[in-house]
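Now for the letters of each chain:
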Amino acid sequence: MLPKLIKFVLLTRFSRPLLGLVAFFLFYDIAIRGLTGGNGSDFSGGFSYYAVGSSIFFIVMSLLFGGLFVLKSDRDYLLTLPLRRRDLSAALFIAQFIGSGITILFLYGFYVAGAGGLGDAIVLVINLVLLACLVTALGVVSNILETWKRAVLAVLLGLWCSSSILGFGFTPVSAFTGQVLYGSIILFALTAVTVPVALRELAYLEMGSIRSLLRATSTEYKTSMSFVGKGPIRAIYSYHLSFLELMGRVNIGGSTSYRTARIRTRTVLIISIAAAAVYTYLTGFSSIDALRLDVLVPIIPVFMGVITLVLMAQGTFSNERGWLAFTAMDPAKYLRNLLLSRVLSILAILGPFGAANIVLAFLGTGMSSGFGHTLSFPLSAAIVLLVTVPSASILATYIVARVGAVQQVREEGMMPGQFDIRQFVAILPIYFVIGLIIVSEIFLSASIVIASALTLISAALLISSGVWRGIAYRLTEKGFI
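Described below are features of the structure shown in this document. (Residues numbered from 1 in each chain as written. Predicted model: local features only at pLDDT ≥ 70, side-chain atom pairs only at ≥ 80, totals over all residues. Heavy atoms only, no water.)

### A short note on the overall build of the protein chain
Spelled out, the test is: Strands are runs of DSSP state E lasting at least two residues, helices are runs of H or I lasting at least four, and both sets are numbered from the N terminus onward. Contacts were defined at the residue level, with two residues in contact if any of their heavy atoms lie within 4.5 Å. The protein chains shown are the only cover counted for residues, whose accessible areas, like all others here, come from Shrake-Rupley with a 1.4 Å probe.
For the protein chain, the count of helices and strands is 19 helices and four strands. Long-range pairs, those at least 24 residues apart, make up 80% of the contacts in the protein chain between residues at least 6 apart in sequence. Roughly 21700 Å² of accessible area belongs to the protein chain as shown, and the carbon and sulfur atoms make up 70% of that amount.

### So, the nonpolar core
Note the following rule: Nonpolar cores are built from buried Ala, Val, Leu, Ile, Met, Phe, Trp, Tyr and Cys residues. Side-chain atoms within 4.5 Å join them into one set. Burial here depends on accessible area, computed with a 1.4 Å probe over protein chains only, as a share of the maximum for the residue type. Under 20% is buried, over 50% is exposed, and the range in between is partly exposed. Each domain's limits were defined by an automated method or a database of domain assignments.
Within the largest apolar cluster, 109 residues are counted, with the highest numbers of intra-cluster contacts made by Ile59, Phe317, Tyr334, Leu335, Trp468 and Ile471. Here this core spans two domains, and each of domain 1 (1–214) and domain 2 (229–481) adds at least three residues to it. Among residues more than four places away in sequence, those in contact with Ile59 are Leu131, Leu134, Val135, Leu138, Leu157 and Cys161.

### Considering the side chain of Ser89
By the secondary structure assignment, Ser89 is in helix H5 (residues 85–107). Beyond its immediate stretch of four places on either side in the chain, Ser89 contacts Leu199, Leu202 and Ala203.

### Focus on the packing of aromatic side chains
As a reminder of what qualifies: Any two of the Phe, Tyr and Trp rings considered here, Trp counted by its six-membered ring, make a pair once their centres fall within 6.5 Å; the pair's planes then place it as stacked at under 30 degrees, edge-to-face at over 60, or tilted in between.
Counting across every chain of the model gives seven aromatic pairs. With a centroid separation of 5.5 Å and 75° between ring planes, the pair formed by Phe57 and Phe58 is classed as edge-to-face. Judged by relative accessible area, which is 8%, Phe57 ranks as buried. The class for Phe58 is buried, based on a relative accessible area of 5%. Ring geometry for Phe326 versus Tyr334: centroids 6.5 Å apart, planes at 80°, classification edge-to-face. Of the two residues, Phe326 and Tyr334, neither departs from the other in class, the shared state being buried. Through a chain of ring-to-ring contacts, the aromatic side chains of Phe168, Phe170 and Tyr182 assemble into a single cluster.

### Some remarks on helix H15 (residues 331–363)
Note the cut-off: The span you would expect from a helix comes to 1.5 Å times its residue count less one. Axes are fitted to the seven residues ending at a residue and to the seven starting at it; the angle between these axes is taken as the bend at that residue.
Along its 33 residues, H15 runs 47 Å from first to last C-alpha, staying within 8% of the 48 Å computed at 1.5 Å per residue. Along H15, the largest kink reaches about 50° and is centred on Ile349; proline Pro352 follows within four residues of it.

Below is the structure:
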């Protein structure tokens, strides 16, 4: 019974081509490891920062935006069947794992190929599986917690994991910074605590889905906006400059749920300014050289770029209503101004850090390149945050809509449809942009060229009315209403 249930759950959530692609990547990592036999790579320095930063990103995102991997058909059909709780829980956890946790195995696959000996590779694989289980479990557990509790827990876990960079060995990610024994023990202990809680939540899926539904439908906004006397264009900008909407898929590899958070732009701006001020002090004025806080200069733009690109690409069109927006005005005009207003609202997050990097550039903050000169990281980072990322977000949004990977959110907290290979392929350009960001940070001339090129391409896209009318038609053909 369990194998049939697992097959049913997987096929209702993932297309067969996507499952084939997942299997291909897993076999690829194993094959590369077998062919190379491990080359004894030293995963220190930048590699350890990559591992810790990526792990923190997935842990925090799972906690903040996690949820149950539930379809509307589950409530109508699956949950009405006389299934054993243990079987239901196991099948759903495997689906959640493939939807979110499997991304960890993709991003860390080269670690396995580069591990020195067979013993190192086995320990590394075990740690990666534990980390993937932890991320999956945290996404489920977040459904139990209120928003403020999720936020507090995400901050605490993020700070705890970040301390591994400073040499603290007792964190879930310390295994990636050289503290293999203690890091593995902590990771195992944390996973052993969270996974049973997640399995219990999944065993009583009907209660969890009702909890999500009540949370989504009982949300209240204490203030309302009036658009009286404002034209259509002014209303679009007035709304998106007043509120920052964070919405879209929870994770990069899969689609556990869709969440929406509407936050006042001035609140986001105040928090961003405060965070940017702390960032400026730590990287430009702090005298604690041993902490190597200047590594934040190249890391911050990559981290914020990933978040911005994912939120813009996945969430810009998801909550729109075509029957209203595309009939109220020319679809091209509406989509063009929607994108511009969203980019301006995103600058509430990016702008303060861009300004902070300009200040650091004037202060002469930099990092040694190892070749006898200092890299202009702050100035390049400012260009990335203020020009490259906003321009790239327009391109990412266009690509996702063009390949038909947009799924309209009709019930918040639930998957609107099956996750297929088109949505996976639509994410790949984001990784390409991340590569451009890294190159831009290393070479100032490259940052200027890349920012200029992306700006010109984005401007050309926005100017073309035919492009956005075509996107509107494509969305409606895919069932966007």
